[in-house]
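Each chain, letter by letter, is given below.
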Amino acid sequence: MTNAISVSGLVKTFGRTRALDGLDLTVGTGEVLGFLGPNGAGKSTTIRILLGLMRADSGKASLLGGDPWADATDLHRRLAYVPGDVTLWPTLSGGEVIDLLGRLRGGIDPQRRATLLERFELDPRKKGRAYSKGNRQKVALVAAFASDVELLILDEPTSGLDPLMEAVFRDSVAEEKARGRTVLLSSHILSEVEALCDRVSIIRAGRIVETGTLAELRHLTRTSVTAELAQTPDGLNGLPGVHDLSVVGNKVTCQVEPAHLDALFGRLTALGLRNVTAAPPTLEDLFMRHYRTAQPGGQRRNQVA
Amino acid sequence: MGTLTGTGILARHILRRDRLILPLWGFLSAVYPMSIANSTVALYPTADLLRPVAQEAMANPAQLATRGVVFDAGAGGMTAWTVGSSGAMLMGLVSMLLVIRHTRVDEESGRSELIGSGVVGRQAPPAAALGVVCSVNLLIGALMSVLLMGTGLPAAGSLALGLALAAAGCTFAAVGAVAAQVTESAVSARGLGVSVFIAFFLIRAVGDASGAHWLSWLSPLGWTLNVRPFAGERWWVAALLLAFIALLAVAAHMLSARRDLAAGLLPPRLGPAAAAPGLRSPLALAWRLHRGQVVAWTAGFAVAGLTLGGAVSGNLEGQLNSPQIMDMIARVGGEDARPADFFLNFLLSMLAWIVATSGMLSALRLRSEESAGRADLVLVTPVSRVRWALSHLVVALAGPALVLAALGVTAGLGYSLTSGDIGKLPQVLAGALAYLPAVWVMTGIAAALAGLLPRFAMAAWGIWVGFILIDVFGMLGQVNANLLEIIPFVHIPWVLLGQMSPAPLAVLTAVAAALTAAGVAGLRRRDLVA
């Protein structure tokens with residue numbers, strides 16, 4: 001599999017703020033990558049560099065086989081972008097913006113445009129200044145999904161969308177994936193990423209701290225187990241790989257490392273299981289694990305989005 | 001919660017945000033009349049020396065149009081005449097833009113929502129903006145009066161001039177407050193406000209230049225001058241201004257109570273569901289964005305050209321028998337120069353300064369598109385930065401050409417119709433178009449700043465104001481001749497007086513091209529920043 005996006009050692013500073021601090025990122029062709037991180041972690045800076053709107057101080061970036069800065073104009077023929085906060089021209093209608101952006105990219109499929117407008121329930125006759133935030137977002141989404149491109153770069157594209165439209169958005173991304181398109185989806189909505197993405201990269205303070213499929217990431221973390229037993233347990237203390245053990249009466253809760261699950265369950269079964277739940281870590285757990293701890297080097301989080 | 005709750009907090013917030021611009025603007029405005037008074041006394045120490053200047057001014061329709069009537073030929077009266085119109089413009093336009101900045105601009109950018117969700121009444125933002133700007137105007141007026149008294153001018157006249165100019169500032173602050181309520185975007189609020197100012201200016205200009213003085217009484221800018229500082233002050237005219245300000249302020253206050261946040265008074269109209277076939281290039285987009293402004297300016301200057309061209313030609317021949325005036329004209333234009341030609345070219349030279357702002361506005365659109373994030377939408381399509389920048393700059397360079405051409409044709413037409421000499425039209429047109437290279441230099445300055453120093457793009461307006469001040473003091477002989485040379489407009493030949501010098505035009509065009517190219521080159525190399 002070739003890579004649609006491949007970035008290594010990317011550094012970008014704004015004055016004294018180090019927005020990107022040696023960032024590595026790859027997105028395989030045809031893959032949907034979730035780019036996770038809180039505001040200010042460097043998601044948008046990375047995307048603006050990939051779009052050729054900014055130049056990195058150092059590091060390498062390759063986009064669809066080209067240089068995002070030097071080959072920007074040619075590369076842009078093959079991608080579409082939706083920013084997190086869309087501003088439109090106040091006097092142009094939504095339909096005009098969709099057509100203009102589509103034509104600049106080399107044409108727009110009228111059938112698909114009509115379908116998307118209907119699906120997103122967007123009135124294309126309203127002027128830019130009359131749209132709500134969510135509707136401005138929809139204008140950019142329709143323009144992006146209606147164009148015939150290989151790569152979609154979406155930077156928190158669903159901010160301002162209601163849950164119904166959020167579902168429409170998920171369907172549309174799934175459709176794009178089925179058509180073989182590559183998607184870079186920056187988000188801090190974990191359920192969205194969980195539902196859509198093949199792989200996830202978590203960014204923190206300008207660096208990728210975790211990358212992999214959800215299954216791989218889960219493998220690295222503990223499963224939380226709650227069990228009700230036939231008798232008051234003893235001898236659970238000191239089992240290898242078991243953490244945060246608490247015993248109240250016959251009820252046990254604990255966190256257990258994947259490698260030691262069978263040993264724990266062997267012991268619990270021996271004690272007489274009456275009821276058990278074992279929950280895999282949610283993406284939120286993964287995410288919080290990286291963000292709850294102190295910042296590397298004790299520095300404050302960068303304030304650049 | 002009252003509708004005005006939080007006005008005080010907002011007022012302090014405005015003072016903090018504008019802590020640089022307010023003192024700078026206040027200082028310049030307050031010092032301006034004093035320095036003119038000092039210059040006047042230094043240049044014309046006796047009444048005998050001043051009288052011919054006043055006579056020339058009263059006979060010159062161009063002077064009457066730009067500065068109004070001379071009510072008294074003394075040092076005080078001439079000071080009031082010199083600064084009355086330009087001072088009202090300086091105070092009025094800045095006040096208006098400041099009020100719009102703290103009302104409609106904030107609302108558009110969503111900052112008001114942030115504030116409005118706090119403990120702030122819905123009518124507090126316009127009240128705070130108007131309150132702060134009017135208070136600053138009164139302070140400037142007071143300082144102005146004190147400085148004028150310091151030069152030895154009479155106290156009553158000094159007070160009247162300070163009061164009149166402060167009232168002009170407050171009037172257009174209130175116009176800005178109403179415009180911000182009626183329109184839906186900062187751009188249209190500014191457009192409406194500036195149009196109202198230009199309309200009031202033209203009404204007074206035509207009234208004073210044509211002798212139909214009742215027209216001047218239809219414009220608050222006419223009232224400002226008719227307070228008549230140092231010429232038997234008419235305090236009741238100042239009261240008239242105050243009543244007008246109060247009326248506008250109440251209107252803005254009531255309008256702000258009646259509409260939703262971010263909405264205007266007029267309901268938005270729907271647009272087309274699909275783009276016209278032609279809207280398929282950056283240039284088509286740029287034209288679409290600028291065309292309203294270009295058309296409005298062209299129409300406005302066509303009307304101005306027709307009226308002023310007619311007024312200059314119609315009024316003059318009989319009035320100009322004073323030897324001093326003929327002397328001055330001969331000095332500039334040669335022995336056989338016609339006064340009407342001289343005055344019409346003088347008017348063109350003044351109007352060119354205003355035409356320059358239309359090109360600057362268009363060029364600065366590069367910056368506002370960038371900071372709003374709309375540039376990103378276009379630049380992530382296969383449109384290069386150079387192509388995007390040139391699309392706006394082509395309009396920024398061609399727009400003023402159209403405006404100057406309209407001005408030249410209509411002024412030539414008005415002039416020819418009144419004088420019966422239709423052959424004059426091409427010459428007047430050439431005289432107007434001669435200012436194009438100077439206008440382009442101003443456009444180039446704006447483009448260079450937007451490209452190279454995006455965060456300081458608005459400094460282009462500072463340069464424009466700076467050039468005007470150098471020019472005003474230059475006319476009074478208070479400025480080093482070399483400094484005067486940096487103003488592009490002083491190099492333009494007066495075609496109506498038979499001056500033909502293509503060299504400065506070529507040089508200015510080259511300078512404009514270099515500035516524009518520098519801006520585009522800068523934009524190509526740097527990060528796009530919000």
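The rules behind these values
Residues numbered from 1 in each chain as written. Chains lettered and ligands numbered in written order. Predicted model: local features only at pLDDT ≥ 70, side-chain atom pairs only at ≥ 80, totals over all residues. Heavy atoms only, no water. Pairing = 2+ DSSP bridges. Helix = DSSP H or I, 4+ residues; strand = E, 2+ residues; numbered from the N terminus. Axes fitted to C-alpha atoms, helices over the stretch in contact; angles between N-to-C directions. Contact = heavy atoms within 4.5 Å. Phe/Tyr/Trp six-rings, centres within 6.5 Å; stacked < 30°, edge-to-face > 60°. Buried < 20%, exposed > 50% of the residue type's maximum accessible area, 1.4 Å probe, protein only. Expected span 1.5 Å × (residues − 1). Polar contact = N/O pair within 3.5 Å; in protein donor to acceptor, adjacent residues only side chain to side chain. Buried area = accessible area lost by both parts, 1.4 Å probe. Nonpolar A, V, L, I, M, F, W, Y, C, P; charged D, E, K, R; others polar. Core = buried A, V, L, I, M, F, W, Y, C linked by side-chain atoms within 4.5 Å. Parallel < 35°, antiparallel > 145°, perpendicular 65-115°, else oblique. Left-handed = near helix turned anticlockwise from the far one by under 90°. Domains from an automatic or database assignment. Disulfide = S-S within 2.5 Å. Salt bridge = Lys/Arg side-chain N within 4 Å of Asp/Glu carboxyl O.

Visitor: Before we go on, may I ask you to explain the sheet that holds strand S8 (residues 199–204) of chain A in this structure?
Guide: Hydrogen bonding along the main chain pairs the strands of a sheet, whether they run parallel or antiparallel. Residue and element names in this part refer to chain A. The strand order across the open sheet formed by 6 strands is S5-S6-S7-S3-S8-S9, and the pairing between neighbours is mixed. Two strands in the sheet have a free side with no partner beyond their single neighbour: strand S5 (79–82) and strand S9 (207–213). Here the strands of the sheet are splayed against their neighbours by 15° on average, with no regard to which way each runs. Pairing of S5 with strand S6 (residues 151–155) involves 4 bridges; the strand directions are parallel. Its bridge partner being in S6, Leu79 is matched across the sheet by Leu151. Of the strands in this sheet, S5 and S6 are in contact with helix H5 (residues 133–146), which crosses S5 at around 170°.

Visitor: Explanation requested: the packing of aromatic side chains in the structure shown.
Guide: Given two aromatic rings, one states the distance between the centres and the angle between the planes to describe the pair. Residues and elements named next belong to chain B. Counted according to the given criterion, the structure contains 13 aromatic pairs over all chains. Taken together, a centroid distance of 5.9 Å and an interplanar angle of 5° make the contact between Trp217 and Trp236 stacked. In this pair, Trp217 is assigned in the loop between helix H10 (213–216) and helix H11 (220–226) and Trp236 in helix H12 (residues 235–258), connecting sequence segments 19 residues apart. Given the relative accessible area of 28%, Trp217 is considered partly exposed. Geometrically, the ring pair formed by Phe342 and Phe343 is edge-to-face, given 5.1 Å between the ring centres and 75° between the ring planes. Side by side, Phe342 and Phe343 carry an identical accessibility label, which is buried.

Visitor: Teacher, can you tell me more about helix H22 (residues 502–525) of chain B here?
Guide: Quick reminder: α-helices carry 3.6 residues per turn. Residues three or four places apart thus point the same way. All names here are of chain B. Between its terminal C-alpha atoms H22 stretches 35 Å, which fits the 34 Å expected from 24 residues at 1.5 Å a residue. By the burial criterion, the buried members of H22 are Leu508, Ala512, Thr516, Gly519, Val520, Gly522 and Leu523. Of the surrounding elements, those touching the buried residues of H22 are helix H15 (339–372), helix H17 (385–419) and helix H19 (436–452).

Visitor: What should I look at first to understand the side chain of Glu31(A) in this one?
Guide: Residues and elements named next belong to chain A. One can find Glu31 in the loop between strand S2 (17–28) and strand S3 (32–36). With relative accessibility at 8%, the residue Glu31 sits in the buried group. At a separation of 2.8 Å, a polar atom in the side chain of Glu31 contacts the main-chain amide nitrogen of Gly28. In this view, Glu31 contacts Thr26, Arg181, Thr182, Val183, Asp198 and Arg199; residues no more than four positions away in its chain are not counted.

Visitor: What is the right way to look at the interface of chain B and chain A in this model?
Guide: Bring the parts together and some accessible area is lost; that lost area is often taken as the interface size. The interface of chain B with chain A comprises 37 residues on the first partner and 36 residues on the second. When chain B packs against chain A, the two sides together hide about 3,400 Å² of surface, and 59% of this comes from carbon and sulfur. Taken as a group, Leu377(B), Val380(B) and Pro382(B) account for 21% of the area that chain B buries against chain A, more than any other trio of residues on that side. Our count for the contact surface shared by chain B and chain A stands at 22 residue pairs in polar contact (both at pLDDT 80 or more). For the side of chain B that touches chain A, the secondary-structure elements that each account for two or more residues are helix H13 (282–319), H15, helix H16 (374–379) and H22 of chain B. Here the side of chain B that touches chain A takes 5 residues from H16(B), the largest share from any one element. For the side of chain B that touches chain A, the class distribution of residues is 20 nonpolar, 5 polar and 12 charged.

Visitor: Just to check I follow, could you spell out the sheet that holds S2(A) for this structure?
Guide: Residue and element names in this part refer to chain A. Strand order in the open sheet made by the 3 strands is S2-S1-S4, with antiparallel pairing throughout. Both edges of this open sheet fall to S2 and strand S4 (58–63), since each of them pairs with a single strand only. Averaged over all adjacent pairs, the angle separating strand axes in this sheet is 15°, with direction ignored. Of the strand pairs in this sheet, strand S1 (residues 3–14) and S4 are connected by 5 bridges, and their pairing is antiparallel. Within S4, the residue paired with Val7 across the bridge is Ala61.

Visitor: How should I be thinking about the side chain of Ser186(A) in this particular structure?
Guide: Residues and elements named next belong to chain A. With respect to the secondary-structure elements, Ser186 resides in strand S7 (residues 182–187). You can call Ser186 buried: its relative accessible area is 0%. Those residues in contact with Ser186 that sit more than four places away from it in its chain are Phe35, Lys43, Ile47, Leu154, Asp155, Glu156 and Pro157.

Visitor: What am I meant to see in the nonpolar core here?
Guide: In globular proteins that are soluble, nonpolar side chains generally tend to be buried together. Formed by 219 residues in total, the largest nonpolar core has its most connected members in Leu63(A), Phe169(A), Leu184(A), Trp388(B) and Phe489(B). Considering every element that reaches this core, the biggest residue donor is H15(B), with 17 residues. In this structure, Ala227(A), Leu229(A), Leu268(A) and Leu271(A) belong to the second largest nonpolar core, which totals 12 residues.

Visitor: Got a minute to help me understand the environment of Phe343(B) in this structure?
Guide: All names here are of chain B. Here Phe343 is to be found in helix H15. For Phe343, a relative accessible area of 0% corresponds to the buried category. When the C-alpha positions of Phe343 and Val312 are compared, they lie 6.8 Å apart, and in sequence the two are 31 residues distant.

Visitor: Is there a simple way to think about the packing of helix H3 (residues 94–104) of chain A against H5(A) in this case?
Guide: Two numbers describe a pair of packed helices, the interaxial angle and the distance between the axes. All names here are of chain A. Between H3 and H5, the least distance of the axes is 9 Å, while the angle of their chain directions is 30°. By the angle between their directions, the pair H3 and H5 is classed as roughly parallel. In this structure, H3 meets H5 at a crossing whose hand is right-handed. In this structure, H3 uses Gly94, Val97, Ile98 and Leu101 to contact H5, whose residues at the interface are Val139, Val142 and Ala143.

Visitor: Would you explain the domain arrangement of chain A in this entry?
Guide: By domain assignment, chain A separates into domain 1 (3–217) and domain 2 (222–280). Computed from C-alpha atoms alone, the centre-to-centre distance between domain 1 of chain A and domain 2 of chain A is 43 Å.

Visitor: Is there a simple way to explain the state of the cysteines in this structure?
Guide: Such a bond, covalent and formed between the sulfur atoms of two cysteines, is termed a disulfide. All names here are of chain B. Using the criterion set out here, one finds 0 disulfides over all chains in the structure. Note on Cys134: no disulfide assigned, nearest cysteine sulfur contributed by Cys170 at a separation of 3.6 Å. On the basis of relative accessible area, Cys134 is assigned to the buried category, the value being 16%.

Visitor: What should I look at first to understand the domain arrangement of chain B in this one?
Guide: Residue and element names in this part refer to chain B. The domain architecture assigned to chain B consists of domain 1 (1–264) and domain 2 (280–530). Just the C-alpha atoms count here: the centres of domain 1 and domain 2 sit 25 Å apart. Each side of the interface is counted separately: domain 1 has 21 residues, and domain 2 has 20 residues. Interface area for domain 1 against domain 2, summed over the two sides, is near 2,000 Å², with a carbon-plus-sulfur share of 78%. When the area that domain 1 buries against domain 2 is broken down by residue, the three leading residues are Glu56, Ala59 and Pro61, summing to 20%. Inspection of the region where domain 1 meets domain 2 yields 0 salt bridges. Listing elements by their share of the side of domain 1 that touches domain 2, those giving two or more residues are helix H2 (21–43), helix H3 (47–59), helix H4 (61–67) and helix H9 (186–210). Broken down by element, the residue count for the side of domain 1 that touches domain 2 peaks at 6 residues, all from H2.

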